[in-house]
Amino acid sequence: MSCAFVAGVGMTRFGRFPERFIKDIGAEAVLEAIRDAGVNPAEIEVAYCGHTRGGSTVCQRILNEIGISGIEMVNMEDACASGSAAFRYAYLAVANGMADVVLAIGVEKLSDKIKGVIPPRKDDLEGLFGRIMPSVFAMIAKRHMYQYGTKVEHFALVSYKNHLNAVKNPRAMYRKELSVEEILNSPVICEPITLYQCTANADGAAAAVVVSERKIKQLGKLPVRIAASVLCAGGARVEDWDYTVSLSTVNASRRAYEEAGIGPEDLDVIELHDCFSVAELVHYENLGLCPKGEGARFIEEKRSYINGDVAVNPSGGLLSKGHPLGATGLGQVYEVVQQLRGNCGERQVENARVGLTHTMGGGVSGLESGACAVHILVR
Amino acid sequence: MKKYRPFMKGVIKVKDGGKVALIGGRCSRCGKRFFPRRVYCPACGAEKVNEFEIGGTGIVYTYTVCHVAPPDAEVPYAIGYVDFDGVRVFGKFVNWQERLDIGKEVELIPWKEGVTEEGDELISYRFEVK
């Protein structure tokens, strides 16, 4: 395998844009990424596009707006990890020597499709019984509280931190500081999770141009290297599994650390899948940032704040930046690349050199998760 | 004559006297048990997976009460995982108000989920909190 680099990134603001077409939202992010990379659209050899509800041939519709056609284009669906899957395949295409310049796109327009909670599948056993996504994390929260004595305030603190970070991110959906009391007093969605501890469905797009070593030298860009790329489905739950552990996150991150030759202590910045407050708290443990059961202490001691041991979700995360499902993974890549380049202004993590993105997707009866993607980026 | 039909294929058995049992899988090679049953063992890949019945009394592993729902469900409703002799099963609770907690005992009971066009009853299950 050869090295692959991120030469350019682009991202729309995340929010609700009912008046815009999905192709226009996508094209905005792609144009920014191409211009940021300094490549000509004609140089792009392959394009991968992650989305969950865009309908057929979204990639083609987006790129046709810009004037890119005739190349290999693949549309991919892996629930909320769709964008990360597109990024991984762009990486693989370059690392395997298939192409020098590859485009990864993540895009979603939900505002005209879903109001409130995403309906679970009726052909899935757990979905049929009303296992909506917030309920999954509420059940993790209950069990974490039972096993480790974690308090609802700890979950709220995660949401507090991420909202605080988003105030400094002009591309975030919600840019208002919330107090722990406001978060806890917002309406209960699934006990003990309240509204302000849930991500919000959003519209938006993000994109990345992934290039070979030869090309990054030619472009003269600061090389941000993709040091690890792992994607896996969740394993089957057999007998005494622990609901507070995301085994796919544990396994994918360990494989990624090994691939990159680093450990969790080397990370400066992380964008992780905080679809609900409790998710971030347990992922501190799953990613090996702290021992099992100590996620509450990790947030209480502010170790995941921008100026802490490792900045987790400096963008505001899914909780405040918004969650346009298929775009989320590439939105994470956008933030980490800009952090490694030192472009993040007030929310900049000092001297960030090593960053990680972590995206989860979907839920299937009997499986620990639908999909889990981990990428490590290094400058 | 009214007939009983499982609400989902391969998940539940309706027994004499209207009782129900869930259909789990037990691997003939590694011995691991799981629900629902799969064709191959998800733990070791062995082809021979035997059927075994899950039912009776279980212990609540975790749960939540949902106050928002997809359009066709009534709120609030309680869902969670229950351990039946070491096998964890997801489902919906009945008789849960002010009684449900981790560690509580529940009974697996039959539940009429709906009626088919032919008038057959679709049989599902619930966890009744003791």
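This text goes with the structure placed above it.
Right, let's walk through the structure included here. (Residues numbered from 1 in each chain as written. Chains lettered and ligands numbered in written order. Predicted model: local features only at pLDDT ≥ 70, side-chain atom pairs only at ≥ 80, totals over all residues. Heavy atoms only, no water.)

**Describing the overall build of chain A**
Part 1 of the argument: Summing up its helical and strand segments, chain A has 13 helices and 12 strands in all.
Part 2 of the argument: Considering only C-alpha atoms, chain A reaches an extent of 55 × 40 × 40 Å along its principal axes.
Part 3 of the argument: Across the 379 residues in chain A, those meeting the buried criterion constitute 64%.
Part 4 of the argument: With an accessible surface of roughly 13,200 Å², chain A has 49% of that area assigned to carbon and sulfur atoms.
Part 5 of the argument: Taking the average location of the 39 positive side-chain charges in chain A and that of its 44 negative ones, the two points are 3 Å from each other. (Helix = DSSP H or I, 4+ residues; strand = E, 2+ residues; numbered from the N terminus. Buried < 20%, exposed > 50% of the residue type's maximum accessible area, 1.4 Å probe, protein only. Areas by Shrake-Rupley, 256 points an atom, 1.4 Å probe, with all protein chains shown as cover. Lys, Arg positive; Asp, Glu negative; His and termini not counted. Charge placed at Lys NZ, Arg CZ, Asp CG, Glu CD.)

**Considerations on the interface of chain A and chain B**
Part 1 of the argument: Each partner contributes residues to the interface: chain A has 34 residues there, and chain B has 37 residues.
Part 2 of the argument: The contact between chain A and chain B buries some 2,900 Å² in all, and 66% of this surface belongs to carbon and sulfur atoms.
Part 3 of the argument: Of all residues in chain A, L125, F129 and E239 of chain A bury the most surface against chain B, accounting for 26% of the area lost on that side.
Part 4 of the argument: Where chain A touches chain B, the interface holds 1 salt bridge. (Contact = heavy atoms within 4.5 Å. Buried area = accessible area lost by both parts, 1.4 Å probe. Salt bridge = Lys/Arg side-chain N within 4 Å of Asp/Glu carboxyl O.)

**Some words on helix 1 (residues 22-37) of chain A**
Residues and elements named next belong to chain A.
Part 1 of the argument: When the terminal C-alpha atoms of helix 1 are compared, their 23 Å separation across 16 residues agrees well with the 22 Å that a helix rising 1.5 Å per residue should span.
Part 2 of the argument: All buried positions along helix 1 are accounted for by I22, I25, G26, A27, A29, V30, A33, I34 and A37.
Part 3 of the argument: Residues of helix 1 that are buried make contact with strand 1 (4-11), helix 2 (58-66), strand 4 (101-108), strand 7 (204-212) and helix 8 (213-219).
Part 4 of the argument: Within two residues after helix 1, G38 carries a phi angle of roughly 80 degrees, on the positive side. (Expected span 1.5 Å × (residues − 1).)

**Concerning the environment of K109 of chain A**
All names here are of chain A.
Part 1 of the argument: Note on placement: K109 falls in the loop between strand 4 and helix 4 (125-128).
Part 2 of the argument: Separated by 94 residues in the primary sequence, K109 and D203 have C-alpha atoms spaced 4.4 Å apart.
Part 3 of the argument: Excluding residues within four positions of it along the chain, K109 makes contact with F17, P18, R20, I22, I25 and D203.
Part 4 of the argument: Reaching out from K109, the side chain makes a polar contact with the backbone oxygen of P18 at a distance of 3.0 Å. (Polar contact = N/O pair within 3.5 Å; in protein donor to acceptor, adjacent residues only side chain to side chain.)

Structural measurements only, silent on function.
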